[in-house]
Amino acid sequence: MIKIKPLTKEQILISIDRLTRFKIPETKYLRVFKDIIVNNLISPKYKKLELDSMDYSEIACIATEIINFSLAKLNLELENDYLINKRLFEYENSIFKIDKNVEKLIKNRINYKACLKLIDSKSPFNLRWLKNLAISNDLIKDREELNLKFPLEKIVISEGITEEILLPEFARQCGYDFDKNGIYIISAGGKNQVVKLFYQLSQELKLPIFVLLDNDAEENYREIKPRLREYDKVHILKCGEFEDALPLELIKKTLSYGLKNISMIELEAVNQNMRMVKILEEIFKHRGMHEFKKSEFAVMVKKNLNTANDISPEIKDIISELEKISLKSKVKVDN
């Protein structure tokens, strides 16, 4: 006899969130389903090794039963409505290469309709989009009007967190909203990780990938080049790192905002002929502050970015290139 420890409301939301994020389907479904089975199936009890050798359809069936049982325990009505499941599969199949085995994981009978009652306006993009799947007649129109981000149309891979934080805001100032246009940006955490991530996604993904590299990443570009598809694009920064592409006036405005009473000597240091990150590290050190962190500074820049004059020509070029790429594009590299 099967015995289940019900998932809490929070655990259900976390699981559904993880299942609907942008991630390779086989990876995310197996991880979520196995976690649920290991932690919430009391009897029969499966060891991880047993799950690793189990058929995908059985894994999906057991995890689905646990989720639906948990929803019922929360007094949520389990309707016989699987439109969301159908649309989720169609979406995953439209952006990823799905084989028959992975289909078994995605074509599950999770009662997403019942889950919708747990989702509100403060939920992540993917969960709000999931809620919209139940009623939408035009997913693209809804994405544009409601800023839902999903369904995704293009993927951007950058080296660092600065690009992930600032590029969408720069684009918005240029009239190209990432959320409205289905643009998803990922900071890989270094140029070598960019290559690794591009290799992985280009094998699994049907969408165009835009790769943004620092000026010192020529070798990494050569690694990527043989695997570029006709609709992918690479931009190698002319100026150095992304921080070097920020206008000097925006940098000064940000420093004046973030570091109260900054001196003219410190502001003049911004004009020195060295990498911007090095200059900023020296200014932070001179002020006796904590270590300069790119992510924190990017957030400061974002707060001070409010006009098109705060955007450098190269950043405008990057946004223009990104706007133009589509499944019909041809491979092109700018540097």
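Residues numbered from 1 in each chain as written. Predicted model: local features only at pLDDT ≥ 70, side-chain atom pairs only at ≥ 80, totals over all residues. Heavy atoms only, no water.

Trainee: Describe in detail the pairing of strand E5 (residues 209-213), supporting the description with residues and values.
Mentor: Of all 5 residues making up E5, 5 are buried, and the element is well covered by its neighbours. Judged from the 4 bridges that link them, strand E3 (residues 154-158) and E5 form a sheet pairing that is parallel. Across the sheet, the residue bridging to Ile157 is Val211, located in E5. In this region the chain leaves E5, passes through helix H13 (residues 218-224) and returns to the parallel neighbour strand E6 (residues 233-236); the handedness of that crossover is right-handed. (Buried < 20%, exposed > 50% of the residue type's maximum accessible area, 1.4 Å probe, protein only. Helix = DSSP H or I, 4+ residues; strand = E, 2+ residues; numbered from the N terminus. Pairing = 2+ DSSP bridges. Right-handed = clockwise from strand over helix to strand, strands pointing away.)

Trainee: Explain the side chain of Ser202 to me, using residue names and the numbers behind them.
Mentor: As for its placement among the helices and strands, Ser202 is situated in helix H12 (residues 191-204). Residue class for Ser202 comes out buried when judged on its relative accessible area of 7%. Looking at Ser202, its side chain comes within polar contact range of the main-chain oxygen of Phe198, at 2.8 Å. There is a polar contact of 3.2 Å between the side chain of Ser202 and the backbone oxygen of Tyr199. (Polar contact = N/O pair within 3.5 Å; in protein donor to acceptor, adjacent residues only side chain to side chain.)

Trainee: Tell me about the layout of surface pockets, and please be specific about residues and values.
Mentor: Its boundaries defined by the atoms lining it, the largest pocket holds a volume of some 490 Å³. Along its surface, the largest pocket is lined by 23 residues, and Arg21, Phe22, Lys23, Ile24 and Tyr184 are the ones closest to its centre. Looking at the lining of the largest pocket, its residues break down into 12 nonpolar, 4 polar and 7 charged. By volume, the second largest pocket amounts to about 300 Å³. Taken together, 14 residues line the second largest pocket, and the ones lying closest to its centre are Lys149, Glu164, Pro168, Phe178 and Asp179. When residues in the lining of the second largest pocket are grouped by element, the largest group, 5 residues, is from helix H10 (residues 161-173). Residues that form the lining of the second largest pocket fall into these classes: 6 nonpolar, 1 polar and 7 charged. (1 Å grid on protein atoms, 1.4 Å probe; cavity = no way out; pocket = protein on both sides within 12 Å on 5 of 7 lines; lining within 4 Å. Points joined across faces, edges and corners; volume = space filled by probe spheres on them. Nonpolar A, V, L, I, M, F, W, Y, C, P; charged D, E, K, R; others polar.)

Trainee: Which residues make up the state of the cysteines, and what are the values?
Mentor: Overall, the coordinates contain 0 disulfides when judged by the stated rule. Here Cys115 stays unpaired: no disulfide links it, and the sulfur of Cys61, its closest cysteine neighbor, is 17 Å away. Cys174 takes part in no disulfide bond, and the closest cysteine sulfur, belonging to Cys239, lies 15 Å away. (Disulfide = S-S within 2.5 Å.)

Trainee: Any details on the packing of aromatic side chains? Residues and values, ideally.
Mentor: Across all of its chains, the model carries 9 aromatic pairs by this definition. Aromatic side chains Tyr91 and Trp129 sit 4.8 Å apart centroid to centroid with 65 degrees between the ring planes, which places their arrangement in the edge-to-face category. With Tyr91 in helix H5 (residues 83-95) and Trp129 in helix H8 (residues 125-133), this pair connects stretches of sequence that are 38 residues apart. Looking at Tyr91, the relative accessible area reads 9%, which means it is buried. (Phe/Tyr/Trp six-rings, centres within 6.5 Å; stacked < 30°, edge-to-face > 60°.)

Trainee: Report on the pattern of salt bridges, specifying residues and quantitative values.
Mentor: Applying the stated criterion to the full structure yields 21 salt bridges. The closest approach of N and O atoms between Arg172 and Glu169, which form a salt bridge, is 2.6 Å. One end of the pair, Arg172, and the other, Glu169, are both in helix H10, 3 residues apart, so they sit about a helical turn from each other. The class of Arg172 is partly exposed, set by a relative accessible area of 44%. Judged by its relative accessible area of 11%, Glu169 falls in the buried class. Taking the shortest distance from any N to any O, the salt bridge between Asp244 and Arg275 comes out at 3.8 Å. Of the two residues, Asp244 is situated in the loop between E6 and helix H14 (248-258) and Arg275 in the loop between helix H15 (264-269) and helix H16 (276-286); the sequence distance between them amounts to 31 residues. You can call Arg275 partly exposed: its relative accessible area is 43%. (Salt bridge = Lys/Arg side-chain N within 4 Å of Asp/Glu carboxyl O.)

Trainee: Could you give an account of the packing of H14 against helix H17 (residues 294-304), with specific residues and numbers?
Mentor: Packing of H14 against H17 brings their axes to within 9 Å, and their N-to-C directions diverge by 105 degrees. In this view, H14 runs roughly perpendicular relative to H17, as classed from their interaxial angle. Contact residues: Leu250, Ile251, Lys253, Thr254, Leu255, Tyr257 and Gly258 in H14; Phe297, Met300, Val301, Lys303 and Asn304 in H17. Within the contact of H14 with H17, the residues separate by chemical class into 7 nonpolar, 3 polar and 2 charged. (Axes fitted to C-alpha atoms, helices over the stretch in contact; angles between N-to-C directions. Parallel < 35°, antiparallel > 145°, perpendicular 65-115°, else oblique. Contact = heavy atoms within 4.5 Å.)

Trainee: Give me the environment of Asp244: which residues, what numbers.
Mentor: Expressed as a C-alpha distance, the spacing of Asp244 and Tyr184, which sit 60 residues apart in the sequence, is 23 Å. If we ignore the near neighbours within four places in the chain, the residues touching Asp244 are Cys239, Arg275 and Met276. There is a polar contact of 2.8 Å between the side chain of Asp244 and the backbone nitrogen of Met276.

Trainee: Account for the environment of Lys104, with residues named and values stated.
Mentor: Looking at where Lys104 falls in the secondary structure, it is placed in helix H6 (residues 100-106). Put simply, Lys104 and Glu26 are 78 residues apart on the chain and 9.9 Å apart in space, counted from C-alpha to C-alpha. Ignoring any residue separated from it by four or fewer positions in sequence, one finds Lys104 in contact with Asp55, Tyr56, Ser57 and Ala60. Only 3.2 Å separates the side chain of Lys104 from the side chain of Asp55, close enough to count as a polar contact.

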